[in-house]
Structure formats: structure tokens, C-alpha cells
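Remarks on the overall topology
Now for the letters of each chain:
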Amino acid sequence: MNRMPNFAFRVAVAAILLCSVVSRLRAQTPATPPPAQQADKEKEDDEDKNPFAPEPAPTLPPGMAGSDANDPRAKLTPGLYDAGEASMGIKHLLLLKKPDAFQLGASDPDDPKVQKTIGQLGIRNTSKMPKPLQLVIAQLAFSNSDLAFQGNHLFQGNFYGVNIYDIANPANTALLTSLVCPGGQGDVSVYKNLLFMSVEMPNGRLDCGVEGFPPEPPSPAGEEKEKKRRIPAAQKERFRGVRIFDISDIKNPKQVAAVQTCRGSHTHTLVGDPNDKDNVYIYVSGTSFVRQPEELAGCSGEKPDKDPNTALFRIEVIKVPAAAPQDAAVVSSPRLFIDPRTGALNGLNNGGTHGKGGEKASDTNQCHDITVYSAIGLAAGACSGNGIVLDIKDPVHPKRLDAVNDPNYSYWHSASFSNDGSKVVFTDEWGGGLGARCRQNDPIKWGADAIFRLQDDKLTFASYYKMPAAEPDTANCVAHNGSLIPVPGRDIEVQAWYQGGISIVDFTDPAQPFEIAYFDRGPIDPQVLVLGGEWSGYWYNGYIYGSEIARGLDVFELTPTKFLTQNEIDAAKAVHVSELNVQNQQKIEWPAQLVVAKAYVDQLSRSQALPADRIAALRKAIQNAESSHMSPSMLAKLQRMEPSLEKSAATAKSPADSARLHSLAAILKHPST
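Heads up: these notes are all about the structure in this document.

The rules we used
Residues numbered from 1 in each chain as written. Predicted model: local features only at pLDDT ≥ 70, side-chain atom pairs only at ≥ 80, totals over all residues. Heavy atoms only, no water. Disulfide = S-S within 2.5 Å. Helix = DSSP H or I, 4+ residues; strand = E, 2+ residues; numbered from the N terminus. Buried < 20%, exposed > 50% of the residue type's maximum accessible area, 1.4 Å probe, protein only. Expected span 1.5 Å × (residues − 1). Arc of directions from axis to C-beta. Contact = heavy atoms within 4.5 Å. Salt bridge = Lys/Arg side-chain N within 4 Å of Asp/Glu carboxyl O.

Moving on: the state of the cysteines. Under the defined criterion, the tally for this structure stands at 4 disulfides. Sulfur-sulfur distance for the disulfide between cysteine 262 and cysteine 299 comes to 2.2 Å. Taking the torsion about the S-S bond as the criterion, the cysteine 262 to cysteine 299 disulfide, at about -90°, is left-handed. Taken together, the residues span a long stretch of sequence, with cysteine 262 in the loop between strand S12 (254-260) and strand S13 (267-273) and cysteine 299 in the loop between strand S14 (276-285) and strand S15 (316-321) at a distance of 37 residues. Given the relative accessible area of 7%, cysteine 262 is considered buried.

Taking 1.5 Å of rise per residue, 16 residues should cover 22 Å, and helix H8 (residues 612-627) covers 22 Å from first to last C-alpha, within 8% of that figure. Those residues of H8 that fall on the buried side of the exposure criterion are Ile615, Leu618, Ala621, Ile622 and Ala625. All buried residues of H8 lie within an arc of 130° about the axis, which places them on one face of the element. In H8, the exposed residues that point more than 90 degrees away from the buried face are Ala612, Asp613, Lys620 and Ser627.

Turning our eyes to something else, we now look at helix H6 (residues 566-573). Listed in full, the buried residues belonging to H6 are Glu568, Ile569, Ala571 and Ala572. An end-on view of H6 places all buried positions within 160° of arc, on one side of the element.

This part covers the side chain of arginine 238. Mapping arginine 238 onto the fold places it in the loop between helix H5 (223-226) and strand S11 (241-246). The buried category is assigned to arginine 238, whose relative accessible area is 4%. Among residues more than four places away in sequence, those in contact with arginine 238 are Pro202, Gly204, Leu206, Phe213, Pro232, Ala233, Gln260, Arg291 and Glu295.

Once the charged atoms of two side chains with opposite charge are near each other, the side chains can pair. Going through the model one piece at a time under the given rule, you end up with 23 salt bridges. Note that arginine 73 is salt-bridged to aspartate 71, the shortest N-O span being 2.8 Å. The same class applies to arginine 73 and to aspartate 71, which are both buried. Of the charged contacts, one joins glutamate 534 and arginine 521 as a salt bridge, the two residues approaching to 3.6 Å between their closest N and O atoms. Of this pair, glutamate 534 sits in strand S29 (residues 534-540) while arginine 521 sits in strand S28 (residues 514-521), placing them 13 residues apart in sequence. Exposure class is identical for glutamate 534 and arginine 521. Each is buried. Counted as one network, the salt bridges with shared partners bring together Glu85, Arg521, Glu534 and Asp554.

Structural measurements only, silent on function.
In C-alpha cells, the structure reads:
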């Protein structure tokens, strides 16, 4: 479910823990090397630095604009639980701190808990690792990740397991139970009585044990100097893949299956087949190293030209029998990146890197996140170097229909469809969520959303959107997970931006997206970049929930502004779902209630699609119908307005207004009570 790409520190397992592209920690070289060695030393020094050390933003590239330093969010005071806050159109109802079991409980890198945690992750030598980095790695082992919902329950993933909350009264959300089960990254989804969890890090055990595995032995003589990467020694009790729990007893989840995969599961997507009611499917995206065949038979990390059966350049599809989840198994490994002309497995590559320039574009060999939209038979994959569209009518054998890349995109991370399927919003997780990427001089086209039109299964770029406020050097900030808010007549998404907070964007016109609400806190620390902020920002049955990486769980409620009326908020709250896994996107259907009609009238007033006197007449007629408790005479008056609205729809200035007029006319013709 989305999230953080592989932060490869290249220190054995630290590489897996952080799942992205940071640096390998190396042995020190002489302070003044001979001139012939200077270039190598500069490269080595660059890789040895602490990736969490704040760095000033570089000069803006020519033609690029940066973030707004005058925004109220730009200079909030720092703090963990007492940081300054700024908001517009969002009311913060609650912050629930992480349970004690999911806290490192240390803020000093010399605390024994830090070394104990690093040891459990399998990191064998920290002597060359900066102390602040040691603390951050230990803290990451307890980071909150993604969210899933079912009924009155919220499931919050964590690198250390899962917390389950009662949200029957969102403003008084309460912890029901904690499932301690380390292994990162802990992304979750739910289906009936089943809970699924992604596991990617090499400290994951089949039995959910917290002890990890013995630290790796020191590198053989000379290997440290040669900077070779080592894969952790094979362990028969290691688990990397997708865990399946029975949650029939919500306070006592029981693991019933654990499906191993070669690269583990960084994220996964729940997929339903309308023609198969007995099974559910899981698309597994692994972004980490390939384990050795001694640990899992059939795994190979070779390039395709050396091994056509490589575990790279594919995803896994798990089939889960709903009545017998213990029989879940991998049933296919689709090659989504293949070149249809040549048959080459590595048929796609990245369009840009945001690096120092001159880097060769790398092959796309993984998907970070896949969002399926079964109602239209399509999926959108954010696949490291590319955005892709898939045909998923046969969910076991998805087929690529289109692929795009972008020189302004560094790491394609996640995707969301508009409700009608005509647009796709892709995110760019530039820097893997580890860096400050929303500073005044960071280009607003980098680490942003890219909005595409989707027509005839082909993607066409429309525009970028990025949270507009400038953030400080110690606030990790980049585009991350979001979901649609079901406001009728508009395409609106709530989205997390790590320590950039929550931003809500209207992308009804894909060429001109704009922010309509936000919430933000100051950075956790004024001097050091401490990983934190909102991993996910999701709307569920009338409220917004934020998975705060370091702090806990946030609960928000929308408030009216000039960009969003109370009627629009109430119409969104009229939509209820029984279950929400955001990467398994559901088609939104609005009830034919007068509150929805009032939202359309507000929108038609805002866009001046109808004269003021007609807007006033519509509002009065709707109010009279409500006040009369839907009396026949008042309903008849509403129905008489329907033909003129349909006529206006035919001459509306924009497709959006035409659709609103049609929808309003349909409600007034047959309003539900």
C-alpha cells in the first residue's frame, strides 16, 4: 500500500530497512589523499554522509519555480507533541499517540535500546555509522505506515506490527488491540474476516518473533574496501512476503498463512474478480533485494540476460481462497515491463532522476504501488521509473496497456483514479520520503503529483500539483498517499505529504489543480531531520484519518471555506462504504438526496453556470421541500424544474457544469426521502 521505496543504506540490512537510495557507509580514507584518488574520495565522502543531515536547498534550475515561503505553514515552531500548527478548511479532532510497544523509547543514540534494535535488524557493524543515523534507523523500526478500514475499525500498519482502533466515534477513537509482528513495512488491507500485511525487511520471522536473527558476521577481509553488497545469510525461519490473519475475533488476530516471495512485499493491493466470488487476489510489489535460493527456492537476482527467470522485472499474484486462506499461494508472476516488440523483460526505463546530472536512466524493474479499479477493469501502476496502465479483467494475468515517463519524476510511487476513470494522479516520491523536498528552492515540479488524462487506455499529461508551502530543512516532505473525497460534481483528493502535512487538492480541471484545504505541523526537530509526518491521509465515512509516522494517529474533519461549502461536505458524508482499502478503488455512488442536490446548486453558483435568480429559486424550492417533509406539492414543484435544467446542461460552458446540471435534474425528478 504505498509508501516508502527501498532506503538502501547498503549496510547489509539497513539497506532493506530504509528501502530507497541512500548511501552505503564506508571505511574512512586518509584525510588528504593523493590527487589521483581525490575523485574517488569525493564520491565516497558523498556516500558516507548522514542522509538525514539537513542540507540547504540548491539553486533552482532555470525556468523552475519554488515553494511559497510566505505561506502560514512555512515557519511553524518545531516539536514532537507541541509543534506549531496551521490549518485551513480542516479541523484537527484528535491525535492518539502510538502505544508504548510501538515506541523506541529512546532519544539518545547512546541508549542501549538503540543498539539492541539495530542488532535485531541484523546490522553487523555501526562503527562507521554517524550516531544520529543510528538513532533514526532504530526509530524507523517502529514507524507507522498505511491504513485500512472496515466497519467501525481502523487498521494502522507499522514496521513493528499492526494497531487496531475503534472509530465508532471518530472524535473519541480508541485502541482495541496491538498485534506485535516486526518485519516492515506493515502495510495492511482487509477483506471480510481476513487481514493482510506486507513484510519486506529481513528481521521478519514466520512466528512474528521480535528477536530478529543473529547479527551478520564481519565482512571478509578486503570486502569492505571493495564495497561489495552482502545479502543476509539464509535463515529457515525468515519471512518476507504477505502475512494473512483471521480477525474474526478482532481483539485476537490469528496468523493463518504466510506467503513467501523472493523480494518480500513492500506494498500489496487487494484485487477482486467480479466473476470469482470464492477467491480474492493480492498483487505483491517487492522493491528490496532478492533473497538467495538457499532461503527460498527459485529466487534469482540476476539480470534478465543472465537468467530469464529472474525475480526482477515482475510482480507476484497471490490467490487467496476466502473459505480456506491457509491455502493461499502465488499463482502467477506477470512481466509488466516487457518490450512487446523484442520480448525483453526490461522494456521500460526511467525518464529522470533529479540527481547531479548525467546519470544514466535506470531500468524499471519493480512497481512500488498498484491501484486497481475493478469497476472499469483497469489498474494504474506507479512503477519506479514509469506510470503504467493495466488491463485487469483477468486479475491473474494483468496486461500493460500504456506506459509513460517524465524527466521531472524521480520515483513513481502511487496512483489514484478519478471516480469516472478519466484521470489518474501519480505521485513522485523523490528521495524516498527521507529528504526535505519542499523547501523554498525545491522545484514545485519535483516530488509532486502528475495529473494525466486517461482516454482509450492511453495517458496524456495534463499538469503538476505540489503542496505549495515552503518547508524547513529538517522537515521530510514529498508527495505520498491519498484518497478521493466523495464530493459530488468535483474531483477532490486528500493527500499526505510527510512533514508537509495534509493537503487537499481539487483536480476537476486536470490542467488547473488547486489547493482547497490543509493541515500542517512544525518539524519534529529544529536541528536534525527526524523522519515523521503523515504517511497516509484518507477519507473514510465522513472523516479524514492521518497515519503520523512518529506521533501516532490523527483524526480530522472538514470545515466550510470559500472553496468548499457545508452542503458539499454534507453530501460527501452521505456516502458510506463498509470497507476501504484505498489501492482497491471503489466506484462512488451518491444517494439521490436533497443534500446532494444542494451541493450541486452551490457548485453551479460558484461557477456562475446559472443566473442568480435561478440559483435562488432552486435553493428556495429545495428548502421548501425539506421543510414540508417532502410533501407531494413541494416535490411536484421540484420535478417541474427538471426540464429546464436538462436544457441548460446542453448549453453549459464546461463539461463539469453540464454533468452537474444533469445530476441535479435527475435528483429533482426522483428525490429519495
